[in-house]
Amino acid sequence: MFRYERTIEVNDDPDAPQLTRHDVWLGLMKKAANALPFVPAMEKCELVEQGEGWLVRDIYLFGEELTERVTFEPERLVTFVRTKGRVPGVIINEILGEDDDLRLKFGFELSADGIEDGSDAEAEYFAPTVPAYDGAVASTLAAMRRLVAEQGRDALTR
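Because the structure is a prediction, the values reported are computed rather than measured.

Cut-off values and rules
Residues numbered from 1 in each chain as written. Predicted model: local features only at pLDDT ≥ 70, side-chain atom pairs only at ≥ 80, totals over all residues. Heavy atoms only, no water. Pairing = 2+ DSSP bridges. Helix = DSSP H or I, 4+ residues; strand = E, 2+ residues; numbered from the N terminus. Axes fitted to C-alpha atoms, helices over the stretch in contact; angles between N-to-C directions. Contact = heavy atoms within 4.5 Å. Expected span 1.5 Å × (residues − 1). Buried < 20%, exposed > 50% of the residue type's maximum accessible area, 1.4 Å probe, protein only. Polar contact = N/O pair within 3.5 Å; in protein donor to acceptor, adjacent residues only side chain to side chain. Salt bridge = Lys/Arg side-chain N within 4 Å of Asp/Glu carboxyl O.

Caption draft 1: Region of interest: the sheet that holds strand β7 (residues 103-110). Pairing in this open sheet of seven strands is antiparallel, and the strands run β1-β7-β6-β5-β4-β3-β2 from one edge to the other. Since the sheet does not close on itself, it has two edges, and those belong to β1 (2-9) and β2 (42-51), each with one partner. Strand-to-strand twist across the sheet, computed as the mean angle between neighbouring axes with direction ignored, equals 20 degrees. Strand contacts of helix α1 (residues 21-33): β2, β3 (54-61), β4 (64-73), β5 (77-84), β6 (89-96) and β7, with the helix running at about 160 degrees to β6, the strand carrying the most contacts. Relative to the sheet, helix α3 (residues 129-151) contacts β1, β3, β5, β6 and β7, its axis offset from that of β1 by approximately 30 degrees.

Caption draft 2: Expanded view of α3. Taking 1.5 Å per residue as the helical rise, α3 with its 23 residues ought to reach 33 Å, and the 32 Å between its terminal C-alpha atoms agrees with that figure. At the exit of α3 stands Gly 152, carrying a positive phi of roughly 90 degrees.

Caption draft 3: Region of interest: the environment of Asn 11. Inspection of the secondary structure puts Asn 11 in the loop between β1 and α1. A residue is classified by how much of its surface remains accessible, and Asn 11, at 18% relative accessible area, is buried. It is 6.9 Å that separates the C-alpha atoms of Asn 11 and Leu 102, two residues lying 91 residues apart in sequence. Those residues in contact with Asn 11, other than ones at most four positions away along the chain, are Pro 17, Gln 18, Leu 19, Asp 99, Leu 102 and Arg 145. Side-chain polar atoms of Asn 11 contact the backbone nitrogen of Leu 19, separated by 2.7 Å.

Caption draft 4: Highlighting the pattern of salt bridges. Throughout the structure, instances matching the rule amount to 13 salt bridges. Ionic pairing is found between Glu 73 and Arg 76, a salt bridge with its closest N-O pair at 2.6 Å. Members of the salt-bridge network, linked through shared partners, are Glu 5, Glu 73, Arg 76, Glu 94 and Lys 105.

Caption draft 5: Expanded view of the environment of Pro 128. Counting through the fold element by element, Pro 128 comes out in the loop between α2 (120-126) and α3. In this structure, the C-alpha to C-alpha distance between Pro 128 and Phe 62, residues 66 residues apart in sequence, is 9.5 Å.

Caption draft 6: Quick peek at unusual backbone geometry. A positive phi angle, close to 55 degrees, is found at Phe 62, a residue other than glycine. Structurally, Phe 62 is set in the loop between β3 and β4. Exposure remark for Phe 62: the relative accessible area of 32% places this residue in the partly exposed category. The phi dihedral of Glu 75 falls on the positive side, at around 65 degrees, and the residue is not glycine. In this fold, Glu 75 is placed in the loop between β4 and β5.

Function cannot be read off these values alone, since they describe shape.
Structure, rendered in structure tokens:
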């Protein structure tokens, strides 16, 4: 299982729109339903099914067709569980801190079918994806700020 985790400050740029916990939460909900505006490396994101506190989506990422079941713990945590595809595992987006010290934690535990857990081959397989996952966290926050700056906070609910 390949593990990675990163936490970044949400409001580290005083000249950018300052986001509240609620803003970040709404942005994460939008990203779960359609990640394309938030995750540049993702080529497809189709909502398949949804219910109270969850959704299922099909995505195409890093050359892989995947299905994810996404669950929500309001204002705190979004969990993506890969249920179909060659790269199973779990990804989390967690909101930490209060509005004056808000942070977004991103982490994943993934494996690749046919590659031994903990092996050099696994590290080599996932190494190229780490910068893209890092970029996805930054681009997610940038997209949220852009929506707020250009369309107002209501844009996060549309």
